[in-house]
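The lines below spell out each chain.
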Amino acid sequence: MESTERQFMDLIHRNRDMIWRVCSGFRLSEAWTTEDAFHEVLCALWIGFQSFDGRSSERTWIYRVAVNTMISIYRKMGNQPTCRAEPDDKSVSPYESIDLNDLIALLDSLPEPDRTIVNAHAQGYSHAEIAQITGLSVAAVGMRLSRALRKLRKQYNQ
Amino acid sequence: MRDFDQQLKEYGCRMNNIRYPHSDAELDWELHKVIWHTPLSKQPPIVQPSRLGKWVAIAAAILPFAILLPLIVLRNSPSNASVTELVEVDGIHFKYACNNGCSPEMTTAMLNHIIANTHETISDNFHAAACGGSVLSAR
C-alpha cells in the first residue's frame, strides 16, 4: 500500500470517533443515514488530504472538513423533512435523553456558524481551535459564542 | 428543569462519548472504498479526448515516423544506384553507374587518372576502383 494511503488510514483511525460525532450531531433527513454522512466526510477528507499543509492541527482540520461537509449535505437536503439520526446499537446517542432533545432542538435552530461554535464549545474545544475550525478570528468566536449562549439560555428558560 | 449550562455540559459529555460503532476491519474496508473510488484533488483530471483531439494525437504520433522513415531509407539505400551518366574521356563516351554518389566530373577525373597512369584500355567492364563505379558502355 502506498504511504499516502497508509497515512490517510492512520489519520482516520486516530480521529474516527470525532468524525462520527460530527456526523451524529447533525439531524439528517430520512434519505441520509449517519453512515452515509460519514462516508461523504471520508471522501472530502481524502480529496483534501494531500493539500493539507499542517498549518492547523489535524484535529481541527478534520473537524472543519467534517462540519463543512455536513453543511453541504444539509444544503443538498433542501426542504426535505428531517428526522433524528437513528442511534446505532453500539453507540451512545446524544438524543437519548428527552431533556436533551429540547436542548438539541434549540441548538438546531441556531444559524451557522453559531451552531458549530456552540457544538464545538460543548465538546471542549478552545476558542482558538474553534477559530481554526470556522475560519473566524478568536475574538469573533468569543463574541458569537457569548451571544449564542445568551440567546439559548433565554429561549431555554422560557 | 435543569440549568441550561448543565444541560449543555451533559450534551457535550454525551457527544464526546459517542464512539465509531464499527470494527477496525470495517473501517478499513470503508476507507479502501473511499481511496479507490474517489479521485484525488491533486491528480490531473482525466481528459477524454474529443474526436478532433484524438485524430490530432494520432497524427502527432505518426508524423515523426512519416518524416523520419523516408530519410532513414534514403540514408541507408545506395544513393544514385540506378543513375547512369555519360562521361567523355578522350572523345569516347562512357556510360557508367556509380553506387557511391560520385559526380560525373569525379568519375571522369578518375578515368583520366587511370588511363594516364596504367595505360589500360577502357572497356565496358572497367571498374573505377577508387569509387566502385563501373562503366557500362563505351562509344
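Further up the page is the structure itself.
Below is a short write-up of the structure.

Topic: the overall build of chain B
On a plain count of helices and strands, chain B comes out with 4 helices and 4 strands. Along chain B, helices (α) and strands (β) appear in the sequence α-α-α-β-β-α-β-β when read from the amino end. Residues classed as buried in chain B amount to 14% of the 139 residues present. For chain B, the proportion of contacts with a sequence separation of at least 24, taken over those separated by at least 6, is 40%.

So, the interface of chain A and chain B
Residue-level contacts link 33 residues of chain A with 25 residues of chain B. Of all the secondary structure elements, the ones that give two or more residues to the side of chain A that touches chain B are helix 1 (3-25), helix 2 (34-49), helix 4 (98-109) and helix 7 (138-157) of chain A. Sorting elements by how many residues they give to the side of chain A that touches chain B places helix 1 of chain A first, with 10 residues. Class assignment of the residues belonging to the side of chain A that touches chain B gives a composition of 14 nonpolar, 11 polar and 8 charged.

Overview of the nonpolar core
Residues and elements named next belong to chain A. Membership of the largest hydrophobic core comes to 41 residues, with the highest contact counts inside it found for Ile19, Cys23, Val41, Leu42 and Ala66. The two domains that each donate at least three residues to this core are domain 1 (1-85) and domain 2 (97-158). Every residue in contact with Ile19, bar those within four places of it in the chain, is listed here: Phe38, Val41, Ile62 and Ala66.

Comments concerning unusual backbone geometry
Here the residue pair A:Glu112 and A:Pro113 is connected by a cis peptide bond, since its omega of 5° sits within 30 degrees of zero. One can find A:Pro113 in the loop between helix 4 and helix 5 (114-122).

Brief notes about the packing of helix 1 of chain A against helix 2 (residues 24-37) of chain B
Packing of helix 1 of chain A against helix 2 of chain B brings their axes to within 11 Å, and their N-to-C directions diverge by 135°. With respect to each other, helix 1 of chain A and helix 2 of chain B are oriented oblique. Relative to helix 2 of chain B, the crossing made by helix 1 of chain A is right-handed. Only B:Leu27, B:Asp28, B:Leu31 and B:Ile35 of helix 2 of chain B make contact with helix 1 of chain A, whose side of the interface consists of A:Glu5, A:Met9, A:Ile12, A:His13 and A:Arg16. By residue class, the composition of the contact of helix 1 of chain A with helix 2 of chain B is 5 nonpolar, 1 polar and 3 charged.

Examining the packing of helix 3 (residues 58-77) of chain A against helix 6 (residues 127-134) of chain A
Residues and elements named next belong to chain A. Packing of helix 3 against helix 6 leaves a shortest axis separation of 8 Å and a crossing angle of 50°. Judged on the interaxial angle alone, helix 6 and helix 3 are oblique. Two packed elements cross with a definite hand, and for helix 3 against helix 6 that hand is right-handed. Along its contact with helix 3, which presents Thr60, Tyr63, Arg64 and Val67, the element helix 6 presents Glu129, Gln132 and Ile133. Its residues assigned to classes, the contact of helix 3 with helix 6 shows 3 nonpolar, 2 polar and 2 charged.

A look at helix 2 of chain A
Counted at 1.5 Å a residue, the expected span for helix 2 of chain A with its 16 residues is 22 Å, and the 22 Å between its end C-alpha atoms agrees. Residues of helix 2 of chain A that are buried include every one of A:Thr34, A:Ala37, A:Phe38, A:Val41, A:Leu42, A:Leu45, A:Trp46 and A:Phe49, and no others. Buried residues belonging to helix 2 of chain A abut helix 1, strand 1 (28-29) and helix 3 of chain A together with helix 2 of chain B.

Calculation notes
- Residues numbered from 1 in each chain as written.
- Chains lettered and ligands numbered in written order.
- Predicted model: local features only at pLDDT ≥ 70, side-chain atom pairs only at ≥ 80, totals over all residues.
- Helix = DSSP H or I, 4+ residues; strand = E, 2+ residues; numbered from the N terminus.
- Buried ≥ 20, exposed ≤ 12 C-beta atoms within 10 Å, placed from the backbone.
- Contact = placed C-beta atoms within 7 Å.
- Nonpolar A, V, L, I, M, F, W, Y, C, P; charged D, E, K, R; others polar.
- Core = buried A, V, L, I, M, F, W, Y, C linked by C-beta atoms within 7 Å.
- Domains from an automatic or database assignment.
- Axes fitted to C-alpha atoms, helices over the stretch in contact; angles between N-to-C directions.
- Parallel < 35°, antiparallel > 145°, perpendicular 65-115°, else oblique.
- Left-handed = near helix turned anticlockwise from the far one by under 90°.
- Expected span 1.5 Å × (residues − 1).

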